[in-house]
Structures are given as structure tokens and as C-alpha cells.
Amino acid sequence: MSGRGRIRVLNVAEKPSVAKSVAEILSRSGGGMRSRQGRSRFNRIFEFEYCIGGQPCHMLMTSVTGHLMELEFDDRFRKWHSCDPADLYHAPVRKHVPQDKLDIKRTLEEEARMCQWLVLWLDCDREGENIAFEVVEVCMAVNGHLNIWRARFSALIDREIHGSVQNLVRPNRLFADAVDARQEIDLRIGASFTRFQTMLLRDAFVLDFVRDNENVVLSYGPCQVVDVKNKEKLKYPPYPLSTLELQKRASRYFRMSSEHTMKVAEELYQAGFISYPRTETDGFSVNTDLQAIVREHFTHPAWGSYAQRLLDPDERLWRNPSNGGHDDKAHPPIHPTKLSTGEAGWTEDHKRLYEFVVRHFLACVSQPAVGAGTTVEIDIAGEKFFASGLVIIAKNYLDVYRFESWDGAVIPTYALEQQFLPTTLTLDSGVTRPPPLLSESDLLSCMDKAGIGTDATMHDHIKKLLDRHYATKDANTRFSPTKLGEALVMGYDDMGYELWKPYLRAMMECDMKEVSVGSKSKSEVLDSCLQQMKACFMDARQKKVKLLEAMELFFERSGRTGDAQSLGATVRPCSICNESNMLLKRRPNGEFMVGCQRFPLVSSTLCVFFNAY
DNA sequence: GCAAGGTC
């Protein structure tokens, strides 16, 4: 029970793991935390005592799992044949909590009723701010007296978390508005084009890839171009040391054979410097006095100062070691048992292995390293180059564990407009040739560079491509567009889509930015954007013959609508095999390719394929 | 039956 004078504070994070980490950090200095099950199996509730600005608080910390709400059309417009797809540009929409999120909603309602404050611990980006307001809406509906606060933090490290809760701010409605507008535009465009092209093409052609009774949907949707932001990344220290890890790491770091490693380790053990070296255990028992082991190393010339920092509460460097999950019930993980600065008779390998065991132990009880992923775009004589890398914010355990570095190049922080000299410039010559098919990893990095989707949604977009039969993946995970994929790109390409589509999208991104800083209102942007989007839709629909023509080159007519010739399609014979279904294609990236059914086209880049959507 | 984003 909370004591007299305490206020109850409901804290909500974007995901369960963040709720747990924040609760652990905030409760460490007090009496620890308890946890209990909420209505949702995955979103536990943590409770602990904490003081905010001198005010004693009973803290309840729980989480959502990303967005709590989805946007949908009113019932009257939900059925595909209930309206003209063009009506979807002004049909009423509403936000609602989908079925699978109702248990989280109920947890929030139950807890919010009994609280005075609500603190939002969502990610500090536009989507996070939008989710914050979804949580606010649910909580305020049951308790209108809630005092609403926003915790702003950029890393799950003690200093940041304590700092943010002592400096709470108000949530930013404008950021959330920008996302609202984005959602509404995406829904209206996506639904209208999807319904239109599905209903137009599904019945007119024999779609040979369709299995019996499968309900084909030819979906259409843009991807968000995301904010350029630095994403926090954590690199965790290793688990406590088992024999197997000792051997693997000694081999990797010192090129020592496992047999020799065990001989040296055995000698260090016999002389009392390390614990028994034959163990499968990679987690410490709760009874182990880890701090005493650290304390013994305070005076070591090389790592003594790190050991001291570990036990200094102000450094916030300590972390209870994680557990690798193996336990032989006989021996603890390998750890140092006596301080040594080197003994007479030790070989280089004795020194190396002892140092390794100590540093590994100190790393296990340290905080993970914190970094920020960064992408830098460089302009050289009008050509764009990209560099991506990592800026390390806090090295933490890497300070002592010198055997490991953070993968990938570390690039310094660049300021905008900063100039620098390239060290080498090369210009490779080459001839035009069909590029190789893209692998899944190529595709992902391609999407990443082009800003298509986000880290979290890229695999979703790829899956959707496959589900919709727009592309196939072979045994080597190489992607090829299908006939349907090629036809759709070509159809829209022939409408002149590539001319106005990217322009509109870019304009929309600018509008989102303006909403988020308050220089334009959400409704103003929605009105103008949707009006133009609707004009595009009407234009595309009016040019639907282009889509039909393109489809005709790949698929047989079902006979349920008129044929392509009568609609004005141009079909030229193939210059290679003389087949009449020859096809001259201008690809979205501007190159020309020739092909027919017997000489299928080699895919250019699927990225371009994406862009055309 | 449709979009995007978040996350499990």
C-alpha cells in the first residue's frame, strides 16, 4: 500500500522491455521493485517507490506494444462494393483499439482510475508522441483529473532515466498531429488504389498464380520516408565465463589452442588465482559476493581504476550480470580468486589468460555500451555518397574488455554543411549490363538507403511483395519480380506516374514537418493533400487502359472485359523470336529493356520497383 | 478483403 502523502503515478512505456529496464533503474536506489501480471500476458506491471522533485511517489510502470489504436473507415464504407473507391478520400474515419489490444487498454483503464499522474515513457520520435496521445485518450476517458507528463530520454542508462523523470515535460500535440495526418493519408490512398486496381484487374485477366479460391488483393501503398535520426543501439557484455567460452575466446583473442588454454588455466587454478576452470555454468548464483571480487582488484595498476569506478554509485556503471542459462550445479563461472600483478615463472600465456579472466569478469558486471547509429550523406561535385556508422555515446564495459570492439566503422559526428577532403576518389568504368538479382540483404540495405519503410517494417514490405505475388524469392534468396509486378510498374509508369508521384510524396513529407513544428495545421494539410491525392486517383483511373495494356502483355484476358487492342494497346512483335507479345519496356529507372514471354526480362533493382509504388 | 506505423 502507498503511504500517506504519496501520489500514485502510472508510467507507460512503448514496449515491455523498456518498462522493465526503466523500472529496474528507478527502483535500484530504493527498496527494489515488485511486479505483477496485468490483463495482457506480455505487459507486466512493476511497482516501486520513488521521489520526483522531492514528492514521494508510488510508481506503477507498465507498457503498451507500439500503437494502441488503428485508423479505419466508418462501417458504411468498409465493404468493398459499398462505395466508389474515390469516396474514400472523404469518407469518415475513426481511431479504435483493435481486438488484440483490448487487454492492454483494460489494464491502462484499471490502473489509471487509481492514479493522479500519468507519465509517458514512449520513444522520443513522432510515432512515440502519437502513441503517447493514444494512451492519454484511453486513460483520460476513465480519469479526467490525471496530470499528464512526458519523460524524454534517449538511452536506457541510469543517468538519462533519472534525469528525465526529474525533468518531466508536457507531451507535444503537434508531433502526434503529424502522424495522424500521415496515417489518414496512407489509409485513404492505400485503400482507394487497392480496391480500384484489384477490382479492375482481378476479373479481367486469368491470374495464373492464384491458387483455388484464394482471394487475391492487389494492394497499393506508399512507405513512409522516415525522419533522419540516430537510433540508440546497445552492445551487451558477455555472459559469465564457462569453459567452452574460455576456450573459444582464448583461441580468438590469443590464438591459443584449447588444449594449451586448459593447461595454463589449470596451473592458474592450482596456484589459487582463478576458480575451477572446468565448468558449464555461465551465470553467478545470487549468493556470490561479486563486489568483494571487484574490490580485491582496486590496486591493480592496469584495471584497478576501472574496478573502483564499478563500485562508485555515482558512475552508475554497475549492472548485475546476466545469466547465460547453463548451470552444471557443481561450479561457478570462471572468475578471479586472487589479485596478481604477475608472478615469477608466469609465461606470457599465463599473464594473458589471467588478465582475460579478470577483464571478462569485470565486463560481466558492467553496463552495456551505448551507441547511436548515424547515416551521413555526402555530396561530392553533385554526386551523393552515403556513409553509415556508429557513434559510441558510452563505452561502459568496453573500457575494460579491450578484446572486443564495436563492429563496424566508428564515424565521427558530422555537422551539416561541414566540408572535408576525401582521402581517395575513384571512378570505375563499366558497361551497361543487367544487374544481378537482388538478395534479401541487398534489398534490405537498398531500402534502408532509399528510406523506404523503417527498420521495423522493411521485412513486412518484402513479405507483402511476396504475398501479393509481385515478386518471388528463389532458393538462394534472390528476388525476381513476377509478371504481375512488372505489369503494374509498367502500367503506372506509362501513366506518367513517376512524374508526379515522388513530387507529391516529397511535398507531403514537407507538410508533415510543418505540422510537427506548428507552422501548418493538421486539417489544413489534410485538406490540401487529400484533394491533390484524389485528383491523382481520378487521373489514374481515367488512364486505366495503360494498366490493362501492361497486364495484357503478361496475362491472358479472361474474356470478361474488352481486349487490349480495342482499348488502344500497342503490341509490337519480338525482334528476337518474332513472337507478337514482344515488349519494349522503359523501366522506372529510365533504362530500356526488350523482352517477351520466352526471353524474360532480368530484374533491374527491386528498389526502383518499390519506388514506383 | 484495403494503407502506414508501432511491437511480441
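Structure first, text after, so check above.
This section reports on the structure supplied with the text. Because the structure is predicted, anything quoted here is derived from the model rather than measured.

**A short note on the side chain of Ser275**
1) Next: Secondary-structure assignment places Ser275 in the loop between helix H7 (258-270) and helix H8 (290-295).
2) Next: Among the residues examined, Ser275 registers a relative accessible area of 8% and is labelled buried.
3) Next: Polar side-chain contacts of Ser275 include one of 3.5 Å to the backbone oxygen of Pro333.
4) Next: In this structure, Ser275 is in contact with Tyr269, Pro333, Ile334, His335 and Thr337, ignoring residues within four places of it in sequence.

**Description of the sheet that holds strand S14 (residues 478-481)**
1) Next: Strand order in the open sheet formed by 3 strands is S12-S14-S13, with antiparallel pairing between adjacent strands. The open sheet terminates on both sides in strands that have one partner only, identified here as strand S12 (438-439) and strand S13 (471-473).
2) Next: Two strands pair when backbone bridges link them, and S13 and S14 are joined in this way by 3 bridges, in the antiparallel orientation. Bridging from a neighbouring strand, Thr472 pairs with Ser480 of S14.
3) Next: Each of S13 and S14 touches helix H12 (residues 458-467); the most contacted strand, S13, lies at about 105° to it.

**Here's the deal with the pattern of salt bridges**
1) Next: Scanning the model with the defined rule gives 43 salt bridges in all.
2) Next: Of the charged contacts in the structure, one is a salt bridge between Asp75 and Arg94, with a shortest N-O distance of 3.5 Å. Remark: Arg94 occurs in strand S6 (residues 93-96) and Asp75 occurs in the loop between strand S5 (70-73) and S6; sequence separation between them is 19 residues.
3) Next: Between Arg150 and Glu129 there is a salt bridge, with its nearest N and O atoms 2.7 Å apart. In this pair, Arg150 is assigned in strand S8 (residues 147-150) and Glu129 in helix H3 (residues 126-142), connecting sequence segments 21 residues apart.
4) Next: A residue is classified by how much of its surface remains accessible, and Arg150, at 0% relative accessible area, is buried.
5) Next: Residues joined in a network through salt bridges with shared partners are Lys95, Glu134, Arg173, Asp177, Asp180 and Lys522.

**Focus on the nonpolar core**
1) Next: Core analysis: the largest hydrophobic core is formed by 43 residues, its most contacted members being Ile185, Phe193 and Leu201.
2) Next: Residue assignment for this core shows that the elements contributing at least two residues are helix H5 (173-202), helix H13 (483-494), helix H14 (497-517), helix H15 (522-542) and helix H16 (544-552).
3) Next: Not counting residues within four places of it along the chain, the set of residues in contact with Ile185 comprises Met508, Met512, Leu526, Cys529, Leu530 and Met533.

**Digging into the sheet that holds strand S1 (residues 7-13)**
1) Next: On the basis of which strands lie adjacent, the open sheet formed by 6 strands has the order S2-S3-S4-S1-S7-S8 and mixed pairing. Looking at strand neighbours, the two that pair on one side only are strand S2 (34-36) and S8, the edges of this open sheet. Averaged over all neighbouring strand pairs, the angle between strand axes comes to 30°, with direction disregarded.
2) Next: Pairing analysis gives 7 bridges linking S1 to strand S4 (residues 55-63), with the strands arranged parallel. Bridge pairing links Asn11 to Met61 in S4.
3) Next: Across the sheet, helix H2 (residues 102-113) is in contact with S1, S2, strand S3 (45-52) and S4; its angle to S1 comes to roughly 160°.

Conventions and cut-offs
- Residues numbered from 1 in each chain as written.
- Chains lettered and ligands numbered in written order.
- Predicted model: local features only at pLDDT ≥ 70, side-chain atom pairs only at ≥ 80, totals over all residues.
- Heavy atoms only, no water.
- Helix = DSSP H or I, 4+ residues; strand = E, 2+ residues; numbered from the N terminus.
- Buried < 20%, exposed > 50% of the residue type's maximum accessible area, 1.4 Å probe, protein only.
- Polar contact = N/O pair within 3.5 Å; in protein donor to acceptor, adjacent residues only side chain to side chain.
- Contact = heavy atoms within 4.5 Å.
- Pairing = 2+ DSSP bridges.
- Axes fitted to C-alpha atoms, helices over the stretch in contact; angles between N-to-C directions.
- Salt bridge = Lys/Arg side-chain N within 4 Å of Asp/Glu carboxyl O.
- Core = buried A, V, L, I, M, F, W, Y, C linked by side-chain atoms within 4.5 Å.

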